[in-house]
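Coordinate inspection notes
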Amino acid sequence: MRISVFGIGYVGVVSCGCLAELGHDVIGVDIAAEKIAMLAAGRSPIVEDEIDTLIANAVRLGKLTSTDDVEDAVNRTEVSFISVGTPSAPNGSVALGAVDAVVAAIGRAIRNKTGPHTVVMRSTVPPGTAEDRLIPLLQRESGRVLGDQLNYYSNPEFLREGSSVRDFRAPPFTVIGASDGDNASVLRELYAPIPAPIHVATYRVAESVKHISNVYHAVKLAFANEAGAILASYGVDAREAFRLLCEDRVLNVSPAYLRPGFAFGGSCLPKDVRSFLSLADAHDLSAPLLKQLLPANQAIIDRAFDAITRHGRLPVSLFGLAFKQGTDDLRESPYVLLAERLIGRGYDLRIYDRFVQVARLMGANRSYIDKEIPHLERLMVISPEAALSASRIVVIGHLAPEDQQSVLAGLSGHIVIDLDGLEMLRTLPGITYESLTG
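Residues numbered from 1 in each chain as written. Predicted model: local features only at pLDDT ≥ 70, side-chain atom pairs only at ≥ 80, totals over all residues. Heavy atoms only, no water.

Our focus in this paragraph is the packing of aromatic side chains. Inspection of the entire model under this criterion finds five aromatic pairs. Between Phe223 and Phe242, the ring centres sit 6.1 Å apart and the planes meet at 65°, which makes this aromatic pair edge-to-face. In this pair, Phe223 sits in helix α9 (residues 203-233) while Phe242 sits in helix α10 (residues 238-245), placing the two residues 19 residues apart along the sequence. Residue classification places Phe242 among the buried positions, given a relative accessible area of 4%. Ring geometry for Phe262 against Tyr335: centres 5.0 Å apart, planes inclined by 35°, an arrangement best described as tilted. With Phe262 in the loop between α10 and α11 (269-282) and Tyr335 in helix α13 (residues 334-344), this pair connects stretches of sequence that are 73 residues apart. Residue Phe262 shares its accessibility class with Tyr335, and that shared class is buried. Here Arg341 stacks its cationic end above the ring of Phe305, 4.1 Å away from the centre of that ring. (Phe/Tyr/Trp six-rings, centres within 6.5 Å; stacked < 30°, edge-to-face > 60°. Helix = DSSP H or I, 4+ residues; strand = E, 2+ residues; numbered from the N terminus. Buried < 20%, exposed > 50% of the residue type's maximum accessible area, 1.4 Å probe, protein only. Lys NZ or Arg CZ within 6 Å of the ring centre and 35° of its normal.)

Attention shifts here to the nonpolar core. By size, the foremost hydrophobic cluster in this structure holds 36 residues, and its most contacted members are Phe262 and Leu338. Of all the secondary structure elements, the ones that give two or more residues to this core are α12 (293-309), β9 (316-319), α13, β10 (349-352), α14 (363-372), α15 (376-379), β11 (393-396) and β12 (415-418). With six residues, the single largest contributor to this core is α12. Setting aside its immediate chain neighbours within four residues, Phe262 contacts Asn225, Ile300, Ile301, Ala304, Pro334, Tyr335, Leu338, Leu419 and Leu436. (Core = buried A, V, L, I, M, F, W, Y, C linked by side-chain atoms within 4.5 Å. Contact = heavy atoms within 4.5 Å.)

Here we come to the sheet that holds β9. Taken in spatial order, the five strands make up an open sheet running β10-β9-β11-β12-β13, and their pairing is parallel. Where the open sheet ends on each side, the last strands, each with one partner, are β10 and β13 (432-435). Strand-to-strand twist of the sheet, defined as the mean angle between neighbouring strand axes without regard to direction, takes the value 20°. The sheet contact formed by β9 and β11 spans four bridges and is parallel. In the sheet register, Val316 faces β11, and the bridge partner there is Ile393. (Pairing = 2+ DSSP bridges. Axes fitted to C-alpha atoms, helices over the stretch in contact; angles between N-to-C directions.)

Before going further, it helps to spend a moment on the packing of α9 against α11. Here α9 crosses α11 at 110°, and the two axes come no closer than 9 Å. On the basis of the axis angle, α9 is roughly perpendicular to α11. Judged by the sense of rotation from one axis to the other, the crossing of α9 with α11 is left-handed. Seen from α9, the contacting residues are His211, Ile212, Asn214, Val215, His217, Ala218 and Leu221; seen from α11, they are Leu269, Asp272, Val273, Ser275 and Phe276. Each residue belonging to the contact of α9 with α11 can be placed in one class, and the counts come to seven nonpolar, four polar and one charged. (Parallel < 35°, antiparallel > 145°, perpendicular 65-115°, else oblique. Left-handed = near helix turned anticlockwise from the far one by under 90°. Nonpolar A, V, L, I, M, F, W, Y, C, P; charged D, E, K, R; others polar.)

To continue, consider the environment of Asp353. Mapped onto the fold, Asp353 is located in the loop between β10 and α14. Residues Asp353 and Ile382, spaced 29 residues apart in sequence, show a C-alpha to C-alpha distance of 8.3 Å. In this view, Asp353 contacts Gly320, Leu321, Ala322, Met380 and His398; residues no more than four positions away in its chain are not counted. Only 3.0 Å separates the side chain of Asp353 from the backbone nitrogen of Phe355, close enough to count as a polar contact. (Polar contact = N/O pair within 3.5 Å; in protein donor to acceptor, adjacent residues only side chain to side chain.)

Among the five residues in strand β6 (residues 150-154), four count as buried, and that is most of the element. Where strand β5 (residues 117-121) meets β6, five bridges bridge the pair, whose relative direction is parallel. Across the sheet, the residue bridging to Val120 is Tyr153, located in β6. Chirality of the crossover, the property in question, places the unit of β5, helix α6 (residues 129-142) and β6 among those that are right-handed. (Right-handed = clockwise from strand over helix to strand, strands pointing away.)

Before going further, it helps to spend a moment on the environment of His311. Tracing the backbone shows His311 in the loop between α12 and β9. Take His311: its relative accessible area is 24%, and that puts it in the partly exposed class. The sequence separation of His311 and Ile415 amounts to 104 residues, and the corresponding C-alpha distance is 8.6 Å. In contact with His311, other than residues within four places in its own chain, are Ile393, Ile415, Ile417 and Glu434. Polar contacts involving the side chain of His311 include one to the side chain of Glu434, which spans 2.6 Å.

Attention now moves to the packing of α6 against α9. For any two helices packed against each other, one specifies the crossing angle of their axes together with the interaxial distance. Remark: α6 packs on α9, axes separated minimally by 9 Å, with the N-to-C direction vectors making an angle of 105°. In terms of axis orientation, α6 runs roughly perpendicular to α9. Side by side, α6 and α9 meet where Thr129, Ala130, Glu131, Asp132 and Ile135 of the first sit next to Tyr203, Arg204 and Glu207 of the second. Of the residues in the contact of α6 with α9, the class split is three nonpolar, one polar and four charged.

Turning our attention to empty space enclosed by the protein. This model, assessed by the stated rule, comprises four cavities of 30 Å³ or more. Approximately 150 Å³ is the volume attributed to the largest cavity. The wall of the largest cavity is formed by 14 residues, among which Arg122, Pro171, Phe173, Thr174 and Tyr191 lie closest to the centre. Sorting the residues of the lining of the largest cavity by element identifies α7 (164-169) and β7 (174-177) as the ones contributing at least two each. Split by residue class, the lining of the largest cavity holds nine nonpolar, two polar and three charged. Empty space within the second largest cavity amounts to approximately 60 Å³. Every residue along the wall of the second largest cavity is listed here: Phe319, Gly320, Gln325, Tyr352, Asp353, Arg354, Phe355, His398, Leu399, Ala400 and Asp403. (1 Å grid on protein atoms, 1.4 Å probe; cavity = no way out; pocket = protein on both sides within 12 Å on 5 of 7 lines; lining within 4 Å. Points joined across faces, edges and corners; volume = space filled by probe spheres on them.)

Here you go:
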């Protein structure tokens, strides 16, 4: 199948590499010349496990090209995937400007094309977006009606940064939103090699599944952290309590995310919580529990800050800056917010994160960190040893497995504040150990 992927960000790049791996001919489309050039050279614009090899192989085999020419990409393909950003608007709702622009541009290209074309929405959008906004826009710009050589599907992605390639290859299920009577045969054929059930639903249901999945993940994370802190204040080992809680696979559903640790962040959970709350506000519906999610998450960052400042203004090293280990995504990372507060209070701070290379950051990721910590490159160090040698307080956000031994070996004499719940730290001799969860 010939596929164009609009938006060469995290989802788009992984889609390009994995679709090409399945044997499809893929064109990556973006307005950023740097991203286009990197793909054309067989290099990934993002940091992600396995993606460098996938992209290099796809380009070498002629299965992946890149362009900024929308009309040419549409003319040369049968299916267009949309994976552009849907950030939060000032009021918490989803900003759909980029989605609107891409859908309109694809529609205009379809108007001048002979033959059918399928548009697939991978970006996270609120329920009702397809029917109330994007399908009317696509039909108006293309001059076609849905079902007459024009198909539109909602196909939300469930890719976790750090394991996106594995998630693409083996998802729990595939959700496709389609119009009444449409069995989504095009996407069924495309996803046939992937061993996962396919569920075809209404557009609104498909759009909602991604929203409620991320909101539920945020609920579980915030609940585990808040309850863990309460238990710890009574001398309870919160991790042991939650381990037993997760033994109940019948009523407690799943152990995923139910692990006391640090605050949540990234490009999905905070944005989708705000978006879901904006849906309630639009209909004057009360959502008292959900409206405490982000304040509760901020309180966890506040507790970490207080744990550091209780020891005075000692030099601090922070291990982990991206919102989680294995990615370089800094957007709404709680570690960025913690670092920002420490800098503002005048702390001597050094930061180490194996996966964050300042020179390689781009797009929304680069814009975010330039706004929050403009001189990040001055704070980053290139090794765990460099971070440890300059500090008295060590804050463990997250560590890559290959860094754990060198960090453990250099912690003697340090005050260690563990935000990650590393069991090996709890009994390490020669350190002052603290954890937010007891």
